[in-house]
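# Understanding the architecture of this molecule
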Amino acid sequence: MDIKVSTLAERPDRLPAVLGMTDTWPEFVTHDLVGNAHYGRIPAELPQYTLFAEDADGRVVAHAYSVPFALGLDGRRTLPARGWDQVLVWAFADLRHGTRPDTVSAVAVTIAPHAQGRGLSSVMLSAMRDNARARGFREVVAPVRPNAKHREPHTPIAEYAHRLRPDGLPEDPWLRVHARAGATIDSIAPASMTVTGSLEEWRRWTGLPFDGSGDVEVPGALVPVRCEAEHGYAVYTEPNVWMRHRL
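For the structure given in this document, a descriptive report is provided here. (Residues numbered from 1 in each chain as written. Predicted model: local features only at pLDDT ≥ 70, side-chain atom pairs only at ≥ 80, totals over all residues. Heavy atoms only, no water.)

## So, the overall build of the protein
What the protein contains, in helices and strands, is eight helices and nine strands. Here the C-alpha radius of gyration of the protein, 18 Å, is about what a compact globule of 247 residues would show, namely 18 Å. With the principal axes as the frame, the protein shows a C-alpha extent of 50 × 45 × 45 Å. Put simply, the protein has 247 residues, and 49% of those count as buried. Counting only carbon and sulfur atoms, one obtains 50% of the accessible surface of the protein, whose full area is about 11,500 Å². (Helix = DSSP H or I, 4+ residues; strand = E, 2+ residues; numbered from the N terminus. Rg over C-alpha atoms; globule rule 2.2 N^0.38 Å. Buried < 20%, exposed > 50% of the residue type's maximum accessible area, 1.4 Å probe, protein only. Areas by Shrake-Rupley, 256 points an atom, 1.4 Å probe, with all protein chains shown as cover.)

## Side note on the pairing of strand β8 (residues 225-228)
Bridge count between strand β7 (residues 214-216) and β8: three bridges; the pairing is antiparallel. Residue Asp-215 lies in a different strand from β8, and its bridge partner there is Arg-226. With three bridges connecting them, β8 and strand β9 (residues 233-246) associate as antiparallel partners. When the sheet's bridge partners are listed, Cys-227 is paired in β9 with Ala-234. (Pairing = 2+ DSSP bridges.)

## Some thoughts on the packing of aromatic side chains
For the structure on display, the rule yields eight aromatic pairs. Arranged with centres 6.1 Å apart and planes meeting at 35 degrees, the rings of Tyr-39 and Trp-84 form a pair that is tilted. Here the residue Tyr-39 occupies a position in the loop between α2 (33-38) and α3 (41-45), and Trp-84 occupies one in helix α4 (residues 83-97), the gap between them amounting to 45 residues. Taking the relative accessible area as the measure of exposure, Trp-84 reaches 11% and is therefore buried. Ring centres of Trp-202 and Phe-210 lie 5.6 Å apart, and the angle between their planes is 35 degrees; on these two criteria the pair is classed as tilted. These aromatic residues form a ring-pair network of at least three members: Phe-28, Trp-202, Trp-205, Phe-210 and Tyr-236. (Phe/Tyr/Trp six-rings, centres within 6.5 Å; stacked < 30°, edge-to-face > 60°.)

## Brief notes about the nonpolar core
Ranked by internal contacts, the top residues of the largest apolar core, which has 47 residues, are Trp-202, Phe-210 and Tyr-236. Listed by contribution, the elements that provide at least two residues to this core are β3 (60-69), α4, β4 (103-111), β5 (139-144), β6 (184-198), α8 (199-206), β8 and β9. Of all the elements, α4 adds the most residues to this core, at six residues. Every residue in contact with Trp-202, bar those within four places of it in the chain, is listed here: Phe-28, Val-195, Thr-196, Gly-197, Gly-207, Phe-210, Val-225, Ala-234, Val-235 and Tyr-236. Val-61, Ala-62, Leu-120 and Ile-157 belong to the second-largest nonpolar core, a separate cluster that totals 22 residues. (Core = buried A, V, L, I, M, F, W, Y, C linked by side-chain atoms within 4.5 Å. Contact = heavy atoms within 4.5 Å.)

## Overview of the pattern of salt bridges
Scanning the entire structure with this criterion turns up 19 salt bridges. With its nearest N and O atoms 3.0 Å apart, the salt bridge here joins Asp-186 to Arg-244. Of this pair, Asp-186 sits in strand β6 while Arg-244 sits in strand β9, placing them 58 residues apart in sequence. A residue is classified by how much of its surface remains accessible, and Arg-244, at 16% relative accessible area, is buried. Of the charged contacts in the structure, one is a salt bridge between Arg-226 and Asp-215, with a shortest N-O distance of 3.5 Å. Taken together, the residues span a long stretch of sequence, with Arg-226 in strand β8 and Asp-215 in strand β7 at a distance of eleven residues. Through salt bridges with shared partners, a single network forms among Arg-11, Asp-13, Arg-14 and Glu-54. (Salt bridge = Lys/Arg side-chain N within 4 Å of Asp/Glu carboxyl O.)

## Side note on the side chain of Ser-66
Structurally, the position occupied by Ser-66 is in strand β3. Here Ser-66 falls in the buried class, since its relative accessible area comes to 1%. Of the polar contacts made by the side chain of Ser-66, one reaches the backbone oxygen of Tyr-49; its length is 3.0 Å. Discounting residues that sit within four places of it in the chain, Ser-66 has contacts with Ile-42, Tyr-49, Val-104, Ser-105, Ala-106, Val-107 and Met-128. (Polar contact = N/O pair within 3.5 Å; in protein donor to acceptor, adjacent residues only side chain to side chain.)

## Focus: the side chain of His-245
On the secondary structure map, His-245 appears in strand β9. A distance of 2.9 Å separates a polar atom in the side chain of His-245 from a polar atom in the side chain of His-178. Sequence-distant contacts of His-245, that is, excluding residues within four places in its chain, are made with Leu-125, Arg-129, Arg-138, Glu-139, Val-140, His-178, Ala-181 and Ala-183.

## Here we look at the pairing of β3
The side chains of a regular strand alternate between the sheet's two faces. With ten of its ten residues buried, β3 lies for the most part within the structure. Sheet analysis places strand β2 (residues 50-55) next to β3, joined by five bridges and oriented antiparallel. Note on β3: the bridge partner recorded for Leu-51 is Ala-64. Here β2 folds back onto β3 in antiparallel fashion, the turn holding four residues, of which Gly-58 has a positive phi close to 85 degrees. As paired elements, β3 and β4 share eight bridges and run antiparallel to each other. Residue pairing across strands places His-63 opposite Thr-110, the latter belonging to β4.

Right, dumping it as structure tokens:
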């Protein structure tokens, strides 16, 4: 596929096209409160870390968001158990306070539905790594959402993440893309994203009844959603896999 990758800092005119690109994220994952507070700020406040790909016709077919943050501060040092949520909080706290970053975290790589299956995920991950290296960073980390884990919602994430093919690469396709790019697994982020909502909200997001207490398997969810019917709410706590890319 003939594509051109740019940052929004280089091409701010393409912001509407980047924001308007169709994606395939499950509805419920867009209701993480930390994500809602921070994710949309990345293109506006960190355009140099927002990459996008255009095809030969000028259509935006993929984008990759990342954020710089200071991992080496006292009280941090290790990649957080609260993964995706925590790194967003750290990144924008550092931006607000003028703290010098030492690491870049991937936040999301999103491919337009019609362009999936053409290797664009690998292209965008490589572009994200190159962008961080060009800005003087020596490491990119990623709270990876294994994209086939939803098929096994009851399998422990630590077991799933370390499952390998005969060639030694991860069995999960998205973990495998990172491994092929040189990344290694650092740790598990057991509470990388948390989505809470009323039962009515969960019914609207998923089309499921949510009428009894217990674990509910939701299409696209990496683990079951915990439904507390007697209290009128349900909670999804998503685990991710921290991977480290040395540059």
